[in-house]
Amino acid sequence: MSVTPKPDALRKPDPGKCLARSVAEALAEDPTLEAVTVDQARHTISVATLGQTDVPKLTERISATVQHAQEAGPLEPCTLLAGETTCQTCGQPLSEFEHKRITIRQEADTTTIARVTCPTAPKFWRWREIPWPKVVQRDVEFLEKAEEVNEWKAELVAASLCGVCGLGAWFFRAHPLAVLGYVLAYVAGSWFTAQDVWAGLHKRTIDVHFLMLFVALGSACIGAWGEGTTLLFLFSLSSALENFALGRTQREIRSLFREAPKSATVLDPQGHEREVQVEKLRPDMRLLVKPGAQFAVDAEIVKGQTASDESNLTGEVTPVEKAIGDTVLAGTINLWGVVELLVLRPVAESSLQKIIHLIKDAQQRKAPAQQFTDRFGSYYTYSVLALSFVMFFVWWLGFGQAPFAARNVGRSAFYHAMTLLVVASPCALVLSIPSAVLAAIAWGARHGILFRGGAAIEKLAAINTVALDKTGTLTTGELGIETVESFPPGREPEVARLAFSLGRLSTHPLARAIARHGKQQGLQPLELTHFESITGQGLRARRNGDACLLGHREWLAQGPHAAAIAQVPVTDPGFSEIWLTEGGLLGRLVLRDDIRPEARELVEELHREGLRAVVLTGDRQATADHLRRELQIQDVRAELKPEEKLSAIRALTQEGRCVAMVGDGVNDAPSLAAAHIGVAMGARGSDAALEQADVVLMHDRLENFLAAFRLSQRARRVIRENLLISLGTVVVLVTLAILGRIPLTVGVVGHEGSTVIVVMNSLRLLFGAARPGRP
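Residues numbered from 1 in each chain as written. Predicted model: local features only at pLDDT ≥ 70, side-chain atom pairs only at ≥ 80, totals over all residues. Heavy atoms only, no water.

**Student:** Whenever I open this one, the overall build of the protein chain confuses me. Can you help?
**Tutor:** For the protein chain, the helix and strand inventory stands at 25 helices and 27 strands. In the protein chain, the proportion of contacts linking residues at least 24 apart, taken out of those at least 6 apart, comes to 69%. Working note: accessible area of the protein chain is about 35,000 Å², and carbon and sulfur atoms make up 57% of it. (Helix = DSSP H or I, 4+ residues; strand = E, 2+ residues; numbered from the N terminus. Contact = heavy atoms within 4.5 Å. Areas by Shrake-Rupley, 256 points an atom, 1.4 Å probe, with all protein chains shown as cover.)

Below is the structure:
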């Protein structure tokens, strides 16, 4: 198979845009599917099946597959040239397709992806035409005001009306119209509760709202209007406070994001300006952004310089200087310069949308303890109903109390049953965990720490070991080119240009630094083919038939330049070196990556917290020894490949340690996934790292890890306090209710009081001290 490369074929791999990769996944999922042919010019899709198949389901599956590939941008075939080992579109090795026994044939605009099969099998295939899917632009999410829970205001008004009417009826209880006051109090107090009960009954479920309404109606039936009104007043008031707490949490999160721009200024090739809606912006469009305006999408500066206010995304209030080759993030503000940008990705895939999605996902993910209380709560509700029903007969038949006597209500069996039903209801219990989790998530988001749900908070509080990557974690990650060398001297410009041409195709921190240097120097990229990223080693491509390599000394020293490389001394500790070869060209780029000023303090704080620190780095041993001396870390492991980092994490886990892995790159993703909890550094971290991480530190500030750890420990303490308060209150009140020693009014006050205390205790997390190191 041979495909003629496009002039711009070499770019960063994007798996979502690769047609072959997408269809190969569909072939793996459906054994009846044999081949798929896509004609992009005619917009037709043909599928071949063997045997009986579910045609509607198959059509939906293939349409969704092609549509998903289209949504990532213009649909592209898998770029596999003769003798090539890696797809330039998706970055997948050719061996992966061969391993899956899949063939790819490209003819003009028609691509056929099929299983490897015997020559006669295609004669039995049945071909079908299916509709070309329409691409629907993915929605852009914003944390709008509509998402805030404002119902608490109406509930507070209803609770106030309930209280006023109830007090009026009690003061004039001797008047014949007193009952009317109680009825009005009941209507106001049960207005929202009745709606919740009705919705639950439609779903054939009952919860605490049902119990409270049932008790209130029961109280009215036996003439205990005052106790029923007190119950509804306190229950509606506590519900208003609960929703107020949730609303405050939502406001804290939404305050992080300013009003996102709805349009952007696009420059055409002639330099003419036009306003375009942000949803219509596509990669490689050129934008003009003036001082004071927000950056609408993630983009790269191609002209001009400025500073960016990234405080709403990263928590960092200091402006960040931006020059040619630097990336600006959607939602941040251009402070003073006029800059021209090149769009990197659609607005739906921007850093701002990524963060909003993470926050929404975090709010919906439940902690393990909360999952247990949710399951326990439904069974508990039915158990309380059964217990109250049984105790009614015990008090009536066993102790001889009147069943429903309105007079002397304190001795009524039904009265005691209603009291038991109230005090045993799990209101405070079901709120004890989610209220604390939401408050902790809100505090963290406000300070640049994103927890992906309550489980992340619980897991982070349990760690005893912290594994740290070096580049971008313990070091600044802002690598700068110190020198460009060639051996023999005289070909430094060639080295710089070829290194730039390779580095711009990778997302590794070293490659990004080389690409940024090349753009600032105005270098023009060379045309390369057969680009391949070798994990843990470097980059490989071909130019004019010669292999071009950019990577570690040890990797290139395995080739024909081994003797020349061996004669060059390694760089001093604190510097990194990247070697480059192409035919007779041999060169080296020396980069400096300073240790973060706060790294030493972080390590000391980790030790004071009783946490063991381990550094896992792919750098050479000399650099690791320098790091050990500077930071006083005993366990520093050097020259590790990604799979060796993963093995180190697994070994620590097998020792019985709960490991938090802190990293920022693609090569850290496997370790982040294998650790007890993964922590990704920065909104600028790789998508793979962010996807695997349980906690995201929005700014490259190591002290935020300590803040996250301490916040998780404090949240765990608050959860335990809430559980103790809620369960302790239930145990005491239920015991007194069974003994008949507590009136309904006191039971209501105790029950609702514990609920309010739990919510207020959780809000302490939201209003903690603002200093990131100690929440």
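Next comes the rest of the account.
**Student:** What is the right way to look at the packing of aromatic side chains in this model?
**Tutor:** For any pair of aromatic rings, the description rests on two quantities: the centre-to-centre distance and the angle between the ring planes. Counting across every chain of the model gives 10 aromatic pairs. A centroid spacing of 5.2 Å and a plane angle of 70° characterise the contact between Trp170 and Phe171, whose relative ring orientation is edge-to-face. Relative accessible area serves as the criterion here: at 43%, Trp170 is assigned to the partly exposed category. Judged by relative accessible area, which is 57%, Phe171 ranks as exposed. Centroid distance Phe392 to Trp396: 5.8 Å. Interplanar angle 45°. Geometry classified as tilted. In this pair, Phe392 and Trp396 are both assigned in helix H10 (residues 368-398), 4 residues apart and thus about one turn of the helix distant. With a relative accessible area of 9%, Phe392 lands in the buried category. (Phe/Tyr/Trp six-rings, centres within 6.5 Å; stacked < 30°, edge-to-face > 60°. Buried < 20%, exposed > 50% of the residue type's maximum accessible area, 1.4 Å probe, protein only.)

**Student:** Where do I start with helix H15 (residues 492-503) in this structure?
**Tutor:** Think of an α-helix as 3.6 residues a turn; residues three or four steps apart then line up on the same face. Between its first and last C-alpha, H15 extends 16 Å over 12 residues, near the 16 Å set by a 1.5 Å rise per residue. Among all positions of H15, only Val495, Ala496, Leu498, Ala499, Phe500, Ser501, Leu502 and Gly503 are buried. (Expected span 1.5 Å × (residues − 1).)

**Student:** For this particular structure, what's the right way to read unusual backbone geometry?
**Tutor:** The phi torsion of most residues other than glycine is negative, and most of the peptide bonds are trans. Between Phe487 and the following residue, Pro488, the backbone shows a cis peptide bond with an omega angle of 0°. Residue position: Pro488 is located in the loop between strand E17 (480-486) and H15. Non-glycine residue Asp284 carries a positive phi angle of around 80°. Assignment of secondary structure puts Asp284 in the loop between strand E7 (273-277) and strand E8 (286-289).

**Student:** Sorry, what's going on with a nonpolar patch on the surface here?
**Tutor:** Nonpolar side chains collect at one region of the surface, where Leu177, Val179, Leu180, Val183, Leu184, Val187 and Trp191 lie side by side and expose about 660 Å² of accessible area between them. Its place among the elements puts Leu180 in helix H5 (residues 178-202). (Patch = residues over 30% accessible without salt bridge, like charges linked within 9 Å, V, L, I, M, F, W, Y side chains within 5 Å. Salt bridge = Lys/Arg side-chain N within 4 Å of Asp/Glu carboxyl O.)

**Student:** Whenever I open this one, the nonpolar core confuses me. Can you help?
**Tutor:** What tends to happen in soluble globular proteins is that the nonpolar side chains get buried as a cluster. Counting 50 residues, the largest nonpolar core has Phe451, Leu460, Ile463, Leu606, Val695 and Phe705 as its most contacted members. With 9 residues, the top contributor of residues to this core is helix H24 (residues 703-738). (Core = buried A, V, L, I, M, F, W, Y, C linked by side-chain atoms within 4.5 Å.)

**Student:** Sorry if this is basic, but what is going on with the sheet that holds strand E18 (residues 529-534) here?
**Tutor:** Judged by pairing direction, the sheet is antiparallel, and its 6 strands sit side by side in the order E17-E22-E21-E20-E19-E18 without closing on themselves. Strands at the two margins of the open sheet, each flanked by one partner only, are E17 and E18. For this sheet the average axis-to-axis angle between neighbouring strands, irrespective of direction, equals 15°. Relative to strand E20 (residues 546-551), strand E19 (residues 538-543) is paired through 6 bridges, and the arrangement is antiparallel. Along E20, the bridge assignment pairs Arg542 with Ala547. In the packing of H15 onto the sheet, contacts are made with E17, E18, E19, E20, strand E21 (575-582) and strand E22 (585-592), and the angle to E22 comes to roughly 70°. (Pairing = 2+ DSSP bridges. Axes fitted to C-alpha atoms, helices over the stretch in contact; angles between N-to-C directions.)

**Student:** When you look at the pairing of strand E6 (residues 263-267) in this model, what are you seeing that I'm missing?
**Tutor:** The buried fraction of E6 is high, at 4 of 5 residues. Bridge count between E6 and E7: 5 bridges; the pairing is antiparallel. Paired with Ala264 across the strands is Val276, a residue of E7. In textbook terms, the turn of a hairpin is the stretch between consecutive antiparallel strands, and for E6 and E7 this stretch comprises 5 residues, one of which, Gly271, has a positive phi near 90°. Both E6 and E8 contribute to a ladder of 3 bridges, which runs antiparallel. Paired with Val266 across the strands is Leu287, a residue of E8.

**Student:** Got a minute to help me understand the pattern of salt bridges in this structure?
**Tutor:** Opposite charge on two side chains permits pairing when their charged atoms draw close. Summed over the entire model, instances satisfying the criterion amount to 23 salt bridges. In this structure, Asp298 and Arg345 form a salt bridge, with 2.8 Å as the shortest nitrogen-oxygen distance. Note that Asp298 is positioned in the loop between E8 and strand E9 (299-303) and Arg345 in the loop between strand E14 (339-343) and helix H9 (351-364), a separation of 47 residues in sequence. For Asp298, a relative accessible area of 0% gives the class buried. Connected through shared salt-bridge partners, Glu485, Arg553, Glu577 and Arg588 make up one network.

**Student:** Quick question: what am I supposed to make of the environment of Gly163 here?
**Tutor:** As for its position among the elements, Gly163 is in helix H4 (residues 151-171). Put simply, Gly163 and Tyr182 are 19 residues apart on the chain and 9.8 Å apart in space, counted from C-alpha to C-alpha.

**Student:** I would appreciate a short explanation of the packing of helix H11 (residues 413-423) against H24 in the present structure.
**Tutor:** Two measures define how a pair of helices packs: the angle their axes make with one another and the distance between the axes. Across the interface, H11 lies against H24 with an axial gap of 9 Å and an inter-helix angle of 175°. Judged by the inter-axis angle, H11 sits roughly antiparallel to H24. Across the interface between the two elements, Thr419, Leu420 and Val423 from H11 touch Val730, Leu733, Val734, Ala737 and Ile738 from H24. Residues of the contact of H11 with H24, tallied by class, amount to 7 nonpolar, 1 polar and no charged. (Parallel < 35°, antiparallel > 145°, perpendicular 65-115°, else oblique. Nonpolar A, V, L, I, M, F, W, Y, C, P; charged D, E, K, R; others polar.)

**Student:** Just to check I follow, could you spell out the side chain of Asp635 for this structure?
**Tutor:** Structurally, the position occupied by Asp635 is in strand E24 (residues 635-637). The class for Asp635 is buried, based on a relative accessible area of 16%. Among the polar contacts made by the side chain of Asp635, one reaches the side chain of Arg612 at a distance of 2.8 Å. (Polar contact = N/O pair within 3.5 Å; in protein donor to acceptor, adjacent residues only side chain to side chain.)

**Student:** When you look at the side chain of Glu300 in this model, what are you seeing that I'm missing?
**Tutor:** Looking at the secondary structure, you find Glu300 in strand E9. Classification of Glu300 by relative accessible area gives buried; the value is 14%. In this structure the side chain of Glu300 is engaged in a polar contact, spanning 2.5 Å, whose partner is the side chain of Lys519. Beyond its immediate sequence surroundings of up to four residues, Glu300 is in contact with Gly325, Asp326, Thr327, Glu340, Leu341, Leu342, Leu344 and Lys519.

**Student:** Can you walk me through the packing of helix H6 (residues 208-221) against H11 in this structure?
**Tutor:** Viewed as axis vectors pointing N to C, H6 and H11 meet at an angle of 155°, and their least axial separation amounts to 10 Å. Put simply, H6 runs roughly antiparallel to H11. The crossing of H6 and H11 is left-handed. Contacts from Leu211, Met212, Phe214, Val215 and Gly218 of H6 reach H11 at Phe414, Met418, Leu421 and Val422. (Left-handed = near helix turned anticlockwise from the far one by under 90°.)

**Student:** What's the story with helix H12 (residues 427-446) in this structure? I'm lost.
**Tutor:** In a regular helix each residue adds 1.5 Å, so 20 residues correspond to 28 Å; H12 covers 29 Å between its end C-alpha atoms and thus fits that length. In the structure, H12 departs most strongly from a straight axis at Ile433, where the bend amounts to approximately 25° and where the proline Pro434 lies between one and four residues downstream. Within H12, 18 of the 20 residues are buried, leaving the element largely enclosed by the surrounding structure. After H12 finishes, the residue Gly448 shows a positive phi value of roughly 80°. (Bend = angle between axes of the 7 residues up to and from the residue.)

**Student:** Please explain the environment of Val187 as it appears in this structure.
**Tutor:** On the secondary structure map, Val187 appears in helix H5. On the basis of relative accessible area, Val187 is assigned to the partly exposed category, the value being 43%. Remark: the alpha-carbon pair of Val187 and Ala158, spanning 29 residues in sequence, is separated by 8.8 Å.

**Student:** Explanation requested: the sheet that holds strand E15 (residues 449-451) in the structure shown.
**Tutor:** Whether parallel or antiparallel, the strands of a sheet pair through hydrogen bonds between backbone atoms. Taken in spatial order, the 7 strands of this open sheet run E15-E27-E26-E25-E16-E23-E24, and their pairing is mixed. For this open sheet the edge positions go to E15 and E24, each flanked by a neighbour on one side alone. Direction aside, the axes of adjacent strands within the sheet are offset by 20° on average. The pairing of E15 with strand E27 (residues 695-697) spans 3 bridges and is antiparallel. Note that in E27 the partner of Phe451 across the bridge is Val695.

By themselves, these figures tell us nothing about what the structure is for.
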